[in-house]
Amino acid sequence: MPVEEFVAGWISGALGLVLGHPLDTVKLLGFFKGMSFPIASIAMVNSVLFGVYSHTLLALTATSHQERRAQPPSFTHVFIAGCTGGFMQVYCLAPFDLIKVRLQNQTEPRARPPGSPPPRYRGPVHCAVSIFQEEGPRGLFRGAWALTLRDTPTLGIYFVTYEWLCRQSTQDGQNPSSATVLVAGGSAGIASWAVATPLDVIKSRLQMAGRKPGAYRGVLDCVVSSARQEGLGVFFRGLTINSARAFPVNAVTFLSYEYLLRSWG
Ligand SMILES: C[N+](C)(C)CCCC[C@H](N)C(=O)O
């Protein structure tokens, strides 16, 4: 089984993440909190995403990454492969994402008044251990179903947008230019985040609700009670910041992914 796609996905995920981290945390007021932890975790998740995507296309179309410019797969195949990659990365992403959301939501002021209680979680490992002890092993997968609903179709959209934009401005059989890859990758990130944002809001609420048992009965209950209490606008919370972050992160992710695979032949 070729492994280059997994390795390229790992490195490109890490590069995209370094760029996007400040924007990812600004929406949750936790500037630069937990920078080292997401590098390893999200890079691994990106490796699963790109690796599974490429191998699903190999299974569907019998073409390797190098052959796909000359024999481009159909958009249906690209969509199915993207959804498969999205589905598979969820089970790797779920615990990391939960820890990230819990840590970022610890918005204690930088200079806490003396005598105030210490932050709930001291860091990613302490957070994981505490969730395991207090909420059980399944607690680490809280919000995973909402994450599956968020990521499976939207990562299909992600790869279809990328491929479609690349093909629009590239001659048949040629590799897209760096500028094309940057614009197509950035736009793919925005398109997929725009569609993913409503379920992203729900997912984060379910992940935070783990500490208040019984807050929501499930995804649907969370959708209904959030809409009732706060109106439909709640589903677009974070849309602007998600999109602003998505462009540079995914432009760099796709550019480095393409560059690495090309340079390895
Ligand atoms: C599917 N969803 C939109 C949630 C993410 C798609 C882009 C993935 C990328 N690693 C990023 O963090 O932007």
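The coordinates are above.
Residues numbered from 1 in each chain as written. Predicted model: local features only at pLDDT ≥ 70, side-chain atom pairs only at ≥ 80, totals over all residues. Heavy atoms only, no water.

A. Local environment of the site of the ligand. Around the ligand, the surrounding shell consists of Arg150, Asp151, Thr154, Leu155, Tyr158, Ser192, Trp193, Ala196, Arg245 and Asn250. Here an oxygen atom of the ligand and a side-chain polar atom of Trp193 are 2.9 Å apart. In this structure, Asn250 approaches the ligand through a side-chain N or O atom, which is 3.0 Å from an oxygen atom. Computed on the free molecule, the ligand has an accessible area of 370 Å², of which 90% lies beneath the protein chains in the complex. (Near = heavy atom within 4 Å. Polar contact = N/O pair within 3.5 Å; in protein donor to acceptor, adjacent residues only side chain to side chain. Areas by Shrake-Rupley, 256 points an atom, 1.4 Å probe, with all protein chains shown as cover.)

B. Representation of the packing of aromatic side chains in the model. If you walk through the whole model with that rule in mind, you get nine aromatic pairs. Consider the rings of Tyr162 and Phe254, whose centres lie 3.8 Å apart with planes at 15°: the pair is stacked. Here the residue Tyr162 occupies a position in helix α5 (residues 144–168), and Phe254 occupies one in helix α8 (residues 239–263), the gap between them amounting to 92 residues. Taking relative accessible area as the criterion, Tyr162 reaches 2% and is therefore assigned buried. When its relative accessible area of 2% is taken as the criterion, Phe254 is described as buried. Grouping aromatic residues by their ring pairs yields a cluster made of Phe50, Tyr53, Tyr158, Phe159, Tyr162, Phe254 and Tyr257. For the cation-ring pair, Arg167 lies above Phe75, with the distance from its terminal atom to the ring centre recorded as 4.5 Å. (Phe/Tyr/Trp six-rings, centres within 6.5 Å; stacked < 30°, edge-to-face > 60°. Helix = DSSP H or I, 4+ residues; strand = E, 2+ residues; numbered from the N terminus. Buried < 20%, exposed > 50% of the residue type's maximum accessible area, 1.4 Å probe, protein only. Lys NZ or Arg CZ within 6 Å of the ring centre and 35° of its normal.)

C. A look at the pattern of salt bridges. For the structure shown, the criterion picks out 15 salt bridges. A salt bridge links Glu258 to Arg69; the nearest nitrogen and oxygen atoms lie 3.4 Å apart. With Glu258 in helix α8 and Arg69 in the loop between α2 (36–61) and α3 (75–104), the pair connects residues that are 189 residues apart, well separated along the chain. In this structure, Glu135 engages Arg102 in a salt bridge whose closest nitrogen and oxygen atoms are separated by 3.0 Å. Note that Glu135 is positioned in helix α4 (residues 124–135) and Arg102 in helix α3, a separation of 33 residues in sequence. (Salt bridge = Lys/Arg side-chain N within 4 Å of Asp/Glu carboxyl O.)

Geometric values such as these leave the question of function open.
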